[in-house]
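# What the coordinates show
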Amino acid sequence: MSVKPFKDKIWLASPTMHGDEQEYVKEAFDTNWVSTVGKNLEKLEQGICGYVGCSHAVALSAGTAALHLAVKLAGVTKGDKVMCSDLTFAATVNPVSYEQGVQVFIDSERDTWNMDPEALEKAFQKYPDTKAVIVVNLYGTPAKLEEIQEICRKYHAVLIEDAAESLGATFKGKQTGTFGTYGIISFNGNKIITTSGGGVLLTDEKDAADKARFWSTQARENVPWYQHKELGYNYRMSNILAGIGRGQMRHLEEHRIRKKEIYQRYQQGLRGLPVTMNPFLEYTEPNFWLSCILLDKGTDVTPDKIREKLQEYHAESRPIWKPMHLQPVYEKHDFITAAEGVDVGKDIFRRGLCLPSDIKMTEQEQETVIEIIKRCFKS
């Protein structure tokens, strides 16, 4: 098979627009509702609630903003411990610092690459007064959510589910983002659907949703003049971006199916190589946001070799998230593992790679990507 550099770059994951989005954006312009109120916001929030199965959704400027408000709603204040997934993007854990809380990082397990319930239980034995837990569904794969739920109930901790990457994924038929007291999703440009930027806070508590909306609009009191009794934020999503989201929601299932096809094609095409795909539990259905590989131990080929070779051919791949306990900004924080001396997240980071997972990638282009990866093991 002849392999030449791609004429157009193959992206890891880029926005896929369909044209429907312009209909709702135009409506916002035509009616002059272009700021942080309007029909698009209301309809997007209603649509998200209907899809995931929660009572309230608050559309915000970013998934990070949603996490910040979830941390505030959980009552985290200065010095409070918050147990966080370790193998994740910094946006998951930074909001704890915004409220002067203290992160305790929990190692991953190998069945899903997500927070290890055994390590979480150990962490609670060490810090029984922990205020909250933030669990991530990494790369669109549901964590062991029921086990983590039960541990949080046992220790009376608030569960926040970071479903930024997992919109459309299910755990025993139930949508992710609904297992915690608060859940969040992201509409960043690389997610399964996008509003260019933005996110949503999910909750079944009306008072919490009302409070989040209040905080997100600078905590302005309901009086004729500008009066503020609390610190607020400029976090509300605009009606224009919500219009993009309404159009994208029409295509969420289509995107999810396409992502699964990409994962399965990699799984089949890479068979026989010393690699495995990012795993998931049999009773879950990931949204397959990113397809990833883990190189077998002892393999001479490194993730960087594959990444650099793909880059030569104009295809984007990316290292697995670097664990938070290895980040300079958090290296002094406690890190809890299930077994002494075993660091699962660090191992996944060192041996893993996120492959091109863009839904605009054609089948032929993906076959070329697979061939490039295969050649890395022949040279």
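All of these numbers come straight from a predicted model, not from anything done at the bench.

Basis of the calculations
Residues numbered from 1 in each chain as written. Predicted model: local features only at pLDDT ≥ 70, side-chain atom pairs only at ≥ 80, totals over all residues. Heavy atoms only, no water. Salt bridge = Lys/Arg side-chain N within 4 Å of Asp/Glu carboxyl O. Helix = DSSP H or I, 4+ residues; strand = E, 2+ residues; numbered from the N terminus. Buried < 20%, exposed > 50% of the residue type's maximum accessible area, 1.4 Å probe, protein only. 1 Å grid on protein atoms, 1.4 Å probe; cavity = no way out; pocket = protein on both sides within 12 Å on 5 of 7 lines; lining within 4 Å. Points joined across faces, edges and corners; volume = space filled by probe spheres on them. Nonpolar A, V, L, I, M, F, W, Y, C, P; charged D, E, K, R; others polar. Core = buried A, V, L, I, M, F, W, Y, C linked by side-chain atoms within 4.5 Å. Contact = heavy atoms within 4.5 Å. Pairing = 2+ DSSP bridges. Axes fitted to C-alpha atoms, helices over the stretch in contact; angles between N-to-C directions. Expected span 1.5 Å × (residues − 1).

### Some words on the pattern of salt bridges
Under the defined criterion, the tally for this structure stands at 28 salt bridges. Two residues, Glu-99 and Lys-72, come together in a salt bridge whose shortest N-O distance is 3.9 Å. Here the residue Glu-99 occupies a position in the loop between helix H4 (94-98) and strand E3 (102-106), and Lys-72 occupies one in helix H3 (residues 63-73), the gap between them amounting to 27 residues. Residue Glu-99 is classed as buried on the basis of its relative accessible area of 15%. Asp-347 is paired through a salt bridge with Arg-351; the nearest N and O atoms lie 2.6 Å apart. One end of the pair, Asp-347, and the other, Arg-351, are both in helix H11 (residues 344-351), four residues apart, so they sit about a helical turn from each other. There is no split in this pair, since Asp-347 and Arg-351 are both buried. Counted as one network, the salt bridges with shared partners bring together Glu-253, Arg-256, Lys-260 and Glu-285.

### Focus: the layout of surface pockets
Space inside the largest pocket adds up to approximately 260 Å³. Along the walls of the largest pocket sit 20 residues, with Thr-64, Phe-89, Ala-91, Ser-186 and Lys-191 positioned nearest its centre. Top contributing element to the lining of the largest pocket by residue count: H3, with three residues. Per-class residue counts for the lining of the largest pocket are nine nonpolar, eight polar and three charged.

### What about the environment of Gly-198?
When you line up the elements, Gly-198 lands in the loop between strand E8 (182-186) and strand E9 (199-203). Separated by 153 residues in sequence, Gly-198 and Glu-45 place their C-alpha atoms 12 Å apart.

### Topic: the nonpolar core
Of all hydrophobic cores here, the largest spans 35 residues; its most connected members are Leu-60, Ile-134, Ile-160, Tyr-182 and Leu-201. Contributions of two or more residues to this core are made by strand E1 (56-60), H3, strand E2 (81-85), strand E4 (132-136), strand E5 (158-162), E8 and helix H7 (206-216). Top contributing element to this core by residue count: H3, with seven residues. Contacts of Tyr-182, omitting those with residues within four sequence positions, involve Ala-70, Leu-73, Ala-74, Val-158, Leu-159, Ile-160, Glu-161, Leu-201, Leu-202, Thr-203, Glu-205 and Ala-208. One finds Phe-6, Ile-10, Leu-310 and Tyr-313 within the second-largest nonpolar core, a separate group that totals 27 residues.

### As for the sheet that holds strand E11 (residues 284-285)
Read from one edge to the other, the open sheet built from three strands follows the order E7-E6-E11, with strand pairing classed as antiparallel. Two strands in the sheet have a free side with no partner beyond their single neighbour: strand E7 (174-175) and E11. As paired elements, strand E6 (residues 170-171) and E7 share two bridges and run antiparallel to each other. Within E7, the position partnered with Thr-170 by the bridge is Gln-175.

### A few points about the side chain of Arg-351
In this structure Arg-351 comes out as buried when scored by relative accessible area, which is 15%. If sequence neighbours within four positions are ignored, Arg-351 has contacts with Arg-110, Ile-293, Leu-294, Leu-295, Asp-296, Lys-297 and Pro-303.

### Overview of empty space enclosed by the protein
Counted by the stated rule, this structure contains two cavities of 30 Å³ or more. Here the largest cavity defines a volume of roughly 80 Å³. Forming the walls of the largest cavity are 15 residues, and the residues nearest its centre are Ser-14, Thr-16, Lys-191, Ile-192 and Ile-359. Residue composition of the lining of the largest cavity, by class: five nonpolar, seven polar and three charged. In this structure, the second largest cavity encloses a volume near 50 Å³.

### Considering the sheet that holds E5
The strand order E1-E9-E8-E5-E4-E2-E3-E14 describes an open sheet built from eight strands, whose pairing is mixed. A strand with exactly one partner marks an edge of an open sheet, and here the two such strands are E1 and strand E14 (335-336). Across five bridges, E1 lies against E9 in antiparallel orientation. Each bridged residue has a counterpart across the sheet, and for His-56 the counterpart in E9 is Thr-203. Where H3 meets the sheet, its contacts fall on E1, E4, E5, E8 and E9, and the angle it forms with E8 comes to roughly 170 degrees. The strands touched by H7 are E1, E8 and E9; relative to E1, the strand with the most contacts, the crossing angle is about 15 degrees.

### Let's talk about unusual backbone geometry
Even without a glycine there, the phi angle at Lys-172 is positive, about 50 degrees. On the basis of relative accessibility, which here comes to 48%, the residue Lys-172 falls in the partly exposed class.

### Looking at helix H2 (residues 39-52)
Across its 14 residues, H2 extends 20 Å between first and last C-alpha, which sits within 8% of the 20 Å expected from 1.5 Å per residue. Just past H2, the residue Gly-53 takes up positive phi, approximately 90 degrees.

### With respect to the pairing of E2
Strand residues, when the strand is regular, have side chains that alternate between the two faces of the sheet. Among the five residues of E2, four are classified as buried, and the element is accordingly described as predominantly covered. Where E2 lies against E3, five bridges are found, and the strand directions are parallel. Within the sheet, the bridge partner assigned to Val-82 lies in E3 and is Gln-103. Pairing of E2 with E4 involves three bridges; the strand directions are parallel.

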